[in-house]
Amino acid sequence: MYKTIAVTLAKCSALVFFLFVPLLARASCPSYEPNICQIPPAPYTLGYAVTQNTSISLASQGPNPLTKVQGEVLGITVPRVSTTEVCEQPGYEVYYYDPDAESCFPYYYQGPYTYYGTGSSTAQPTGSAVIQQNGTTVGTVAIGSATSNYSFTTPPVNAIGNINFVAQFTGSCCGFTSATSNTLIVWSNGNFGFTLADYNAPALPATLPNGMVTYNGSIAQFMQFGDFNGDGKTDYAWIPQNGDGRWLIAYSTGTGFTVPDYNLPALPATLSNGMVTYNGSVPQFMHVGDFNGDGKTDYAWIPQNGDGRLLIAYSTGTGFTVPDYNAPALPATLPNGMVTYNGSIRHFMQLGDFNGDGKTDYAWIPQNGDGRLLIAYSTGTGFTVPDYNAPALPATLPNGMVVYNGSVPQFMQLGDFNGDGKTDYAWIPQNGDGRWLVGFAITPTP
């Protein structure tokens, strides 16, 4: 005859198992009650088991990725650890009593069991982490409890090297003892504002394979910088000093520049009608800007052998479009005969986004005008033609102060001085006493 004994695990998900033991006469077994040979008390343990391992991640808490300049701030993040409810029972034996032998004998063995419940929780590892640079400990920082991911920051080590963190967790949480971060390469060195370039590994060599040089020391405007492919990195465009006038672009790779093929220029030296794509006589007649607002830098110029009309070569990401000379972005003259350029004073021709639409506009004081400032707004395919009698700024203020400075052109500057996204104009009047004035851009009425 047997008696059924039901054992239920407390705080676990309705787990019940049954043991069948013989129902015998009163007897005596070591360590058990004398009435029957019973199982020992079950030492159930309720706790939490880790279901997601933890690791620490290392990253820049300032610019990310690191900008290779002094002053970076490093940090690590220790994620919270997920746990689930678990009940554990060790193994045990069941005995039966043999009255003839007057002794207990093993009858049944129950192995250890682990049961997972429905409860879950999260916990935050605590402890400390050492900061290592090139394998050498250079500092220590504590990891504290938090209700969310915990992170800390510390100034970078003042030397170039590989930085990582090695954490030692306390035993109060989660059963973890240690973790090591990924390695972060730190470029900051604490002594210079830039990394030290290797002269033998230049960003761009001095010459192309065909002997064309990668610079132009004769005319500064034959070297221009901009994001010509719209990838967020500044590229380099130039007309080689020993070349025939064609434009080349070396695109930035992030660690240097691509080497262009001289026979595949970004823009040929001449258009189909013989107009050149440069102006070495009046270099200020060459400009770069995003004239169609697509995020790529375009090129605008008045050809050296032209009649004054302004052309735009729009960036394609791999070069420039070739404009039609008979469909210029801006004609050489306005209907009243005022020219759309100024070859006498460079600062009398300026570029900016004067209406805040993301496209580069063109402002100028006509060379044959009376000093009034005009703006030709970019349409994405050219420029609007302004009314000379409705200038962006008259030639003089009511008190007679002029709105320009031809004597000291650098006293005329552009910028967004009120932060509204539109380019404004600041100047010291040529006939003034030195005070700065600002003309704030006003969005034109359609």
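These notes cover the structure that comes with them.

Reading the values: rules and limits
- Residues numbered from 1 in each chain as written.
- Predicted model: local features only at pLDDT ≥ 70, side-chain atom pairs only at ≥ 80, totals over all residues.
- Heavy atoms only, no water.
- Phe/Tyr/Trp six-rings, centres within 6.5 Å; stacked < 30°, edge-to-face > 60°.
- Helix = DSSP H or I, 4+ residues; strand = E, 2+ residues; numbered from the N terminus.
- Buried < 20%, exposed > 50% of the residue type's maximum accessible area, 1.4 Å probe, protein only.
- Pairing = 2+ DSSP bridges.
- Axes fitted to C-alpha atoms, helices over the stretch in contact; angles between N-to-C directions.

Describing the packing of aromatic side chains
- Within the structure shown, the criterion is met by 16 aromatic pairs.
- Note on Tyr236 and Trp238: the rings are 4.9 Å apart at their centroids and 5 degrees apart in plane angle, and the pair reads as stacked.
- Geometrically, the ring pair formed by Phe348 and Tyr404 is edge-to-face, given 5.9 Å between the ring centres and 75 degrees between the ring planes. With Phe348 in the loop between strand S21 (311-313) and strand S22 (349-352) and Tyr404 in the loop between strand S24 (374-376) and strand S25 (412-415), this pair connects stretches of sequence that are 56 residues apart. Both residues of the pair, Phe348 and Tyr404, count as buried.

Focus on the sheet that holds S24
- The strand order S22-S23-S24 describes an open sheet built from three strands, whose pairing is antiparallel. Each edge of the open sheet carries a strand with a single partner, namely S22 and S24. The mean inter-strand angle of the sheet, taken between neighbouring strand axes irrespective of direction, is 25 degrees.
- Across three bridges, the pairing between strand S23 (residues 361-364) and S24 is antiparallel. Paired with Trp364 across the two strands is Leu374, which belongs to S24.

Brief notes about the sheet that holds strand S18 (residues 248-250)
- The strand order across the open sheet formed by three strands is S16-S17-S18, and the pairing between neighbours is antiparallel. Strand pairing shows two members of the sheet lacking a second neighbour, strand S16 (223-226) and S18, which therefore form its edges. If you compare each strand with its neighbour and ignore which way they point, the axes differ by 25 degrees on average.
- Two elements, S16 and strand S17 (residues 235-238), share four bridges in a ladder whose sense is antiparallel. When the bridges of S17 are listed, Phe225 appears paired with Tyr236.

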